[in-house]
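A structural walkthrough
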Amino acid sequence: MAGGSAELELFRRRWREELAGGGKRRRREAAEPGGGEPTGEPGEPREPGYLVLARGLLDGGEAPARRSPPPARPAEEAAGDGGGDGDDLLGQLIRDLNEINEVPFFDVQLPYELALKIFQYLGKAELGRCAQVSRTWKVLAEDEVLWYRLCQQEGYLLDTSISDRSCWKLALKDCRAKERTLRTNWKNRIGAVSQLQYELGKVLCDVHSSDGVVIAGYTSGEVRLWDTRTWDYTAPILEPMHGPGDAGPQPHVSFVRINSSLAVAAYEDGTVSVWSLMIGREPIHRYQHNQRIQALALGSEGATVATASGFEVKVESPDDKGFWQTTGTFEIQKLVNFLNLVPDVLGSPVAVAAAEDIVYVLKGEDPGKILHSVYGQPVTCLDVSAYEAAFGVKGFGWLLNEPNQVLLYNLETSQCLKKLGNSMGNFTCVNLQDSPPNMLVTGNKDRRVRVYDLRKSESLCSFYAHRLGVSAVQMDDWKIVSGGEEGMVCVWDQRMGTKLWETHARHPVRYIWFNSHSLITANIPDEKTPRGASITDDDLTAHRKHRGIIYAYEFSVDQLAAESVLPICRSSYDEVTGYNYNIGLAVPYDNI
């Protein structure tokens, strides 16, 4: 204790000498013309406030009362005011306080990095409370590393680095505000709506999308793309690869699929064309089946295409040099109704095919592996995720105590994990891949949409949705979007169990896709050759009511749907001529 008191007295004495030297120098500078600081009394310079405060602390008294705090000054400026060209004691003290690297945790002094590691386990509310403890804790709780980590954990700005923003706390606040605005727009149907139409394509056959890029196939044999992420929707036509004997009208498009890099179309004559979205409109690969194609699948990532025709399933993919080849050919006992590629598979691709009442897992090393087979119970819908497959099964009925159910299988062990549902109607659609973890949404012929918790094997909620049966469905953590055979699209609040809004079109809803800010729906007619639309007619297009329609909603736009920009104002004017029927502000051409 005596040694500590001696060191304290020595420090005080050296600090008094330093302050006295600084005061003499300031009085000398104040006596010079044009120098000095503002004075309180005539002829007497006033000392800076921090010198008065320091003198009071050294004398053992309390700090003098001050009417208003002086403006904050940087450490370098404060050190310079201490006087002298050298490294004076006062400046060194201030720099040491600024460069402190230990954080006080009650009676323990921790390094800053270790304290930051502890704070990484706290959430937003806990960090806000810690910031009110002290100035040191406030600096620590507002560290950019912590708030960048919180941004990444909540799914915001995933493709950015920590150096891209100067204040990640403010960035997280802005992202959450945008999310609340989007949810409000979804609930109140506030946003822009567009109709994606191609009149010369005749009747719409199939629609698919990937991250806002929509692909559509028509009975005219043409395949068209729309990029809904841009304001002026460009719609390039993907040209088919013509052979020497391909004269005459093109066959109808049966199926279309798209991912981030490829677009695929299957035609009624068994032809499959593959386009690269990076190269251009000409296909990069083409192969032929002998019979009509019954199912088409494209990997969510990468370049793998699977097609089913007759009793054969063929899988095509490029090699390391980019040359396309047949990865596998599988013989199936029955006609394939549904075909999916398992996502996120390393090595050779894996396909899941449903052929009437048999479900196959198709791998290169284990061809024709049967996942499920019950005679007389056909599969009515199918969807797969990385490790599981869910499909609806039509039972024998209530007389044999075999109601319609959805079965969940593990693809690695081939074991049935869950049996969900107990309904009279057939399950017409199931969505497992796009649903939240441990959740599953289904649509049924009994007009109901059901959400299942896979951990409890029970239905969380059930909505009476569509009077002619449910044809398409998708959900996220708070809403459900369903489409029906009668052409109605409904948006539901899952937690409240209420319908938010609905839209209606003429034909059945065959496709639904949405993300946080956009929604794409497609009403595809069942009749591909309506009466009066033969090739001998003068009109090269079908009547508007027979064509089908694609709707694109954008909820990040803060405006009502009725105030959306008309399609006539979005035209890129890339077509040379129009047609002479059903003009109706659909195509803005001056020369018809």
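No experiment lies behind these values; they were computed from the predicted model shown.

Quick notes on the rules
- Residues numbered from 1 in each chain as written.
- Predicted model: local features only at pLDDT ≥ 70, side-chain atom pairs only at ≥ 80, totals over all residues.
- Heavy atoms only, no water.
- Buried < 20%, exposed > 50% of the residue type's maximum accessible area, 1.4 Å probe, protein only.
- Helix = DSSP H or I, 4+ residues; strand = E, 2+ residues; numbered from the N terminus.
- Arc of directions from axis to C-beta.
- Pairing = 2+ DSSP bridges.
- Axes fitted to C-alpha atoms, helices over the stretch in contact; angles between N-to-C directions.
- Phe/Tyr/Trp six-rings, centres within 6.5 Å; stacked < 30°, edge-to-face > 60°.
- Salt bridge = Lys/Arg side-chain N within 4 Å of Asp/Glu carboxyl O.
- 1 Å grid on protein atoms, 1.4 Å probe; cavity = no way out; pocket = protein on both sides within 12 Å on 5 of 7 lines; lining within 4 Å.
- Points joined across faces, edges and corners; volume = space filled by probe spheres on them.
- Nonpolar A, V, L, I, M, F, W, Y, C, P; charged D, E, K, R; others polar.

The next point concerns helix α5 (residues 112–119). Three or more residues of α5 are buried, namely A115, L116 and F119. Projected down its long axis, α5 shows its buried positions confined to an angular sector of 100°, all on one face.

With that out of the way, let us pick up the sheet that holds strand β29 (residues 458–464). In a beta sheet, neighbouring strands pair by backbone hydrogen bonds and run either parallel or antiparallel. Read across the open sheet, the four strands follow the order β26-β27-β28-β29; overall the sheet is antiparallel. The two strands at the open ends of the sheet, each matched to only one other strand, are β26 (427–431) and β29. Strand-to-strand, the axes of this sheet are offset by a mean angle of 20°, without reference to chain direction. The pairing of strand β28 (residues 448–453) with β29 spans six bridges and is classified as antiparallel.

The next point concerns the packing of aromatic side chains. The geometry of an aromatic ring pair is captured by the separation of the ring centres together with the interplanar angle, meaning the angle of the planes. Summed over all chains, the structure comprises eleven aromatic pairs. With 5.7 Å between their ring centres and 65° between their planes, W186 and F514 make a pair best called edge-to-face. Here W186 is found in helix α9 (residues 168–188), whereas its partner F514 is found in strand β34 (residues 509–514), with 328 residues between them in sequence. We classify W186 as buried; its relative accessible area is 1%. Judged by centre distance (5.7 Å) and plane angle (70°), the ring pair of Y198 and Y218 falls under edge-to-face.

The full count for this structure, using the stated rule, is 15 salt bridges. Across the pair K124 and E154 runs a salt bridge, and its minimum N-O distance is 2.7 Å. Of this pair, K124 sits in helix α6 (residues 124–130) while E154 sits in the loop between α8 (144–153) and α9; the two residues are 30 residues apart in sequence, bridging distant segments of the chain. The class for K124 is partly exposed, based on a relative accessible area of 31%. Among the ionic pairs, E485 bridges to R510, the shortest N-O distance being 2.9 Å. Of this pair, E485 sits in the loop between β31 (479–484) and β32 (488–493) while R510 sits in strand β34, placing them 25 residues apart in sequence. When its relative accessible area of 23% is taken as the criterion, E485 is described as partly exposed. Connected via shared salt-bridge partners are K124, E154 and R176.

The subject of this paragraph is empty space enclosed by the protein. According to the stated counting rule, one finds five cavities of 30 Å³ or more in the structure shown. Here the largest cavity is characterised by a volume of approximately 70 Å³. Together, L196, Q197, Y198, E199, K202, L204, Y218, R547, G548, I549 and I550 line the largest cavity. The residue inventory of the lining of the second largest cavity, partitioned by class, reads seven nonpolar, four polar and no charged.

What follows deals with the pairing of strand β27 (residues 439–444). Extensive coverage of β27 is indicated by the burial of six of its six residues. Residue alternation in β27 divides its side chains into two sets, M439, V441 and G443 and L440, T442 and N444, and both sets are buried. One ladder, built from four bridges, connects β26 with β27; its direction is antiparallel. Bridge assignment links F427 to a residue of β27, and that residue is N444. With five bridges joining them, β27 and β28 adopt antiparallel strand pairing. Its bridge partner lying in β28, T442 is registered against R450. The hairpin formed by β27 and β28 contains three residues between the paired strands, and R447 there has a positive phi angle of roughly 80°.

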